[in-house]
Amino acid sequence: MDLARYTDLFLAEAEEQLRRLSASLLALEGDAGAAALDEAFRAAHTLKGMAATMGLEAATDEAHALEDVLAELRAGGGAVTPEAVDALLARADALERAVAAVREAGGVGASVVG
């Protein structure tokens, strides 16, 4: 299957999920609670699945790492401190860079697959 033809769709949906992720993480800074944490988790989970489907290893790995931290926080495995939010935002930035690499490369291809 030629996944390159789905690049534009992937990028459009990834950007929407990245916006949701960023907004949710910023809401956590304002002590938004479980709803923002759940929203951030769903966005990271969706991005992970999309990236894996496209064969984008770097983006998949970044989304998975972010999802794992969010899952731990959702399960009560840590406090949502300003430092935790900063770490989550840094991971989100890394995920955003991985998605941007797809656009910069001109689509899905050997240079961004892994």
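Scope of this entry: the structure provided in the associated data block. Just so it is clear, the structure is predicted and the values come from calculations on it, not from any experiment.

### Quick word on the overall build of the protein
Looking only at helices and strands, the protein has five helices and zero strands in total. Its C-alpha atoms give the protein a radius of gyration of 14 Å, within 12% of the compact-globule value 13 Å for 114 residues. A principal-axis box enclosing the C-alpha atoms of the protein has dimensions of 40 × 20 × 20 Å. Taken across its 114 residues, the protein has 38% of its residues classed as buried. Surface exposure of the protein reaches about 6,000 Å², of which carbon and sulfur atoms provide 53%.

### Observations regarding the packing of aromatic side chains
Enumeration over the complete set of coordinates arrives at zero aromatic pairs. Between the NZ or CZ atom of Arg 74 and the centre of the ring of Phe 41, over which it lies, the distance is 4.2 Å.

### Description of the packing of helix H2 (residues 34–54) against helix H3 (residues 57–74)
At a closest axis distance of 8 Å, the pairing of H2 and H3 adopts a crossing angle of 155°. In terms of orientation, H2 and H3 fall into the roughly antiparallel class. H3 is crossed by H2, and the crossing has left-handed handedness. Judged by residue contacts, Leu 37, Asp 38, Ala 40, Phe 41, Ala 44, His 45, Leu 47, Lys 48, Ala 51 and Ala 52 of H2 engage Ala 59, Thr 60, Ala 63, His 64, Leu 66, Glu 67, Leu 70, Ala 71, Leu 73 and Arg 74 from H3. Tallied by class, the residues present in the contact of H2 with H3 amount to 13 nonpolar, three polar and four charged.

### A closer look at the nonpolar core
Soluble globular proteins tend to bury their nonpolar side chains together. Of all hydrophobic cores here, the largest spans 32 residues; its most connected members are Phe 10, Leu 21, Leu 25, Leu 70 and Leu 95. Among the secondary structure elements, those contributing two or more residues to this core are helix H1 (7–29), H2, H3 and helix H4 (82–104). Of all the elements, H2 adds the most residues to this core, at ten residues. Once residues within four sequence positions are removed from consideration, Leu 95 is found in contact with Leu 18, Leu 21, Leu 47, Ala 59, Glu 62, Ala 63 and Leu 66.

Conventions we followed
- Residues numbered from 1 in each chain as written.
- Predicted model: local features only at pLDDT ≥ 70, side-chain atom pairs only at ≥ 80, totals over all residues.
- Heavy atoms only, no water.
- Helix = DSSP H or I, 4+ residues; strand = E, 2+ residues; numbered from the N terminus.
- Rg over C-alpha atoms; globule rule 2.2 N^0.38 Å.
- Buried < 20%, exposed > 50% of the residue type's maximum accessible area, 1.4 Å probe, protein only.
- Areas by Shrake-Rupley, 256 points an atom, 1.4 Å probe, with all protein chains shown as cover.
- Phe/Tyr/Trp six-rings, centres within 6.5 Å; stacked < 30°, edge-to-face > 60°.
- Lys NZ or Arg CZ within 6 Å of the ring centre and 35° of its normal.
- Axes fitted to C-alpha atoms, helices over the stretch in contact; angles between N-to-C directions.
- Parallel < 35°, antiparallel > 145°, perpendicular 65-115°, else oblique.
- Left-handed = near helix turned anticlockwise from the far one by under 90°.
- Contact = heavy atoms within 4.5 Å.
- Nonpolar A, V, L, I, M, F, W, Y, C, P; charged D, E, K, R; others polar.
- Core = buried A, V, L, I, M, F, W, Y, C linked by side-chain atoms within 4.5 Å.

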